[in-house]
Amino acid sequence: MSYAPKVTRGAVAAMFFMAGLCFSSWASRIATIQQKLSLSDAGLGAVLFALPVGLMLSLPLSGWLVTKIGSRRLLAAALVMYGLMLVTLGVVSEVYQLLICLVGFGLASNAVNISVNTQAVATEGLYRKPIMASFHGVWSLAGFVGAGIGTFMIGKGILPTPHFICIAAVTVISVVVCWRYLHNDRKPVRTGSAFAIPDKSLITLGLIAFCSMVCEGAMFDWSVIYFKKIVLAEKGWMVAGYTAFMCTMALGRFVADKFSAHFGLKTTLQVSGTLSTMGLLIAVIFPALPTAIIGFMLVGAGVSSVVPMVYSAAGRSKTMSPGAAIAAVSTIGFIGFLIGPPVIGFLSGAFTLRIAFVFIAFMGSCVVVLSTRSKV
């Protein structure tokens, strides 16, 4: 049975929201769990690496599953698992338990990512305009909501376990309510293969995502440190750059669809890369508080639309099924998200943090070059 496009769009948006809520709920309680397990900062950093390990292990498996059993089934199972794994993160009492649970959390996270984006591509096909970025905007909005709930829970002295149980319960209820309205692609896709080698166009899309996610990952991990060490911001302003980045990234995702519909995908990607490059150079050349905040705002706007636009383009691949194509592009892009922060750390140690941020600006310019040369 088919439903009105708006109904299906609402159901898919709800799944994006729950995915963002689960992740941000975990992120909001990391410090609490660190204190519970008596982990040093270095120890926490090592433990947190288990999350991307789970994500990487999930990439080929999720691409295969979404092709074989359909994105609706995989999304429902993965999102329920996501909520349940979140609960396990709250009940762990040993470091090795946290490691195991984080791998499982990462596996579920990426399975949700690939299946929900496959659903989004199918939903976009019901419209005569781009709507992919708005779904990612909902994910970003959920990040703010999750952070707010986490702050409230911490303020009330509520432990992570009951906090995570509440989030998991809402997640499961949302899956049950939205299940019937999601795209029923239960039958295996007959065109394309889950393990086919991506063609040149998909590899190019993956490289564009790679460069943008290097910028995104570096901003997540290094923005506060940049404001502390380079901008010399007072304690109350150290998170200003990160906040500015997050706000414009979320806002950008709600306007990117209209921009792309009017100017086209290539121009959207070119503008995105240009904004990222300009913002980073402004922050490097003029490392004062006002100019650095403006620079970080531009970076947020720049990276906001790249991943959703790239996923949307990959989902229209003529050589691979949507789920497999998204998995392939996601694999390449996510490597950038992983290696970005360590590379910045290495360059900062070898030179300075400002020089390291010039490298991020170079990655932004690569988005422009690759987009210009591609046939997107």
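Visitor: Run through the overall build of the protein, naming residues and quoting values.
Guide: A tally of regular secondary structure across the protein gives 15 helices and zero strands. The globule rule puts the C-alpha radius of gyration for 376 residues at 21 Å, and the 20 Å found for the protein is close to it. For the protein, the spread of C-alpha atoms along the three principal axes comes to 60 × 50 × 35 Å. Within the protein, buried positions represent 52% of all 376 residues. For the protein, the share of sequence-separated contacts (at least 6 apart) that also reach a separation of at least 24 residues comes to 84%. Accessible area for the protein stands at about 16500 Å²; split by element, carbon and sulfur atoms hold 71% of it.

Visitor: Quick one: what's the story with the nonpolar core, residue by residue and with numbers?
Guide: If you look at the biggest cluster of nonpolar residues, it comprises 112 residues, and the most contacted ones within it are W26, L98, Y226, F227 and F357. Per element, the largest residue contribution to this core is 14 residues, and it comes from helix 9 (residues 200-229). Setting aside its immediate chain neighbours within four residues, F227 contacts L232, A233, W237, M238, A240, G241, L289, A292, I293 and F296.

Visitor: So what's going on with a nonpolar patch on the surface? Residues and values would help.
Guide: Judged by side-chain polarity, L141, V145, L251, F254 and V255 come together as a nonpolar surface patch covering roughly 430 Å² of accessible area. Only helix 7 (132-155) and helix 10 (240-263) provide two or more residues apiece to the nonpolar patch. In terms of residue count, the dominant contributor to the nonpolar patch is helix 10 (three residues).

Visitor: I'd like to hear about the pattern of salt bridges, residue by residue, with values.
Guide: Taken as a whole and assessed by the stated rule, the structure comprises one salt bridge. Taking the shortest distance from any N to any O, the salt bridge between E124 and R316 comes out at 3.8 Å. Note that E124 is positioned in helix 6 (residues 95-124) and R316 in the loop between helix 13 (306-315) and helix 14 (322-350), a separation of 192 residues in sequence.

Visitor: I'd love a proper account of the environment of I208, names of residues and values included.
Guide: Secondary-structure assignment places I208 in helix 9. I208 gets classed as buried once you look at its relative accessible area, which sits at 0%. I208 has contacts with L269, V306, V310, V367, L370 and S371, leaving out every residue within four places of it along the chain.

Visitor: Tell me about the environment of S134, residues and numbers included.
Guide: In this structure, S134 sits in helix 7. Relative accessible area serves as the criterion here: at 11%, S134 is assigned to the buried category. On a C-alpha basis, the gap between S134 and V255 in space is 7.6 Å, while along the polypeptide they are 121 residues apart. Here S134 is in contact with R9, R253, F254 and D257, once residues within four sequence places are set aside. Side-chain polar atoms of S134 contact the backbone oxygen of I131, separated by 2.6 Å.

Definitions and limits used
- Each residue is numbered by its place in its chain's sequence as written, counting from 1.
- Residues qualify for local features only when their pLDDT is at least 70, as the model is predicted, and side-chain atom pairs are given and counted only at 80 or more; totals for whole chains, interfaces and linings, by contrast, use all residues.
- Side-chain metrics in this entry use all non-hydrogen atoms of the structure; hydrogen atoms and water are not considered.
- Helix and strand definitions here come from DSSP, where helices need a minimum of 4 consecutive H or I residues and strands a minimum of 2 consecutive E residues; each element is numbered from the N-terminal end.
- Atoms considered for the radius of gyration are the C-alpha atoms alone. The globule rule reads 2.2 Å times the number of residues to the power 0.38.
- Relative accessibility under 20% of the residue-type maximum defines a buried residue, over 50% an exposed one, and the middle range a partly exposed one, all with a 1.4 Å probe and only protein chains included.
- Contact criterion: two residues are considered in contact whenever any of their non-hydrogen atoms come within 4.5 Å of each other.
- Calculation of accessible area relied on Shrake-Rupley with a 1.4 Å probe; when residues are assessed, cover is drawn exclusively from the protein chains displayed.
- To define a nonpolar core, start from buried Ala, Val, Leu, Ile, Met, Phe, Trp, Tyr and Cys residues and group those joined through side-chain atoms within 4.5 Å.
- Note that patches include only residues with greater than 30% relative accessible area and no salt bridge, and the join distances are 9 Å for like charges and 5 Å for nonpolar side chains (Val, Leu, Ile, Met, Phe, Trp, Tyr).
- Whenever a carboxyl oxygen of Asp or Glu lies within 4 Å of a side-chain nitrogen of Lys or Arg, that contact is scored as a salt bridge.
- Under the rule applied, a polar contact is a pair of N or O atoms within 3.5 Å (in protein, one hydrogen donor and one hydrogen acceptor; residues adjacent in sequence only if both atoms are side-chain atoms).

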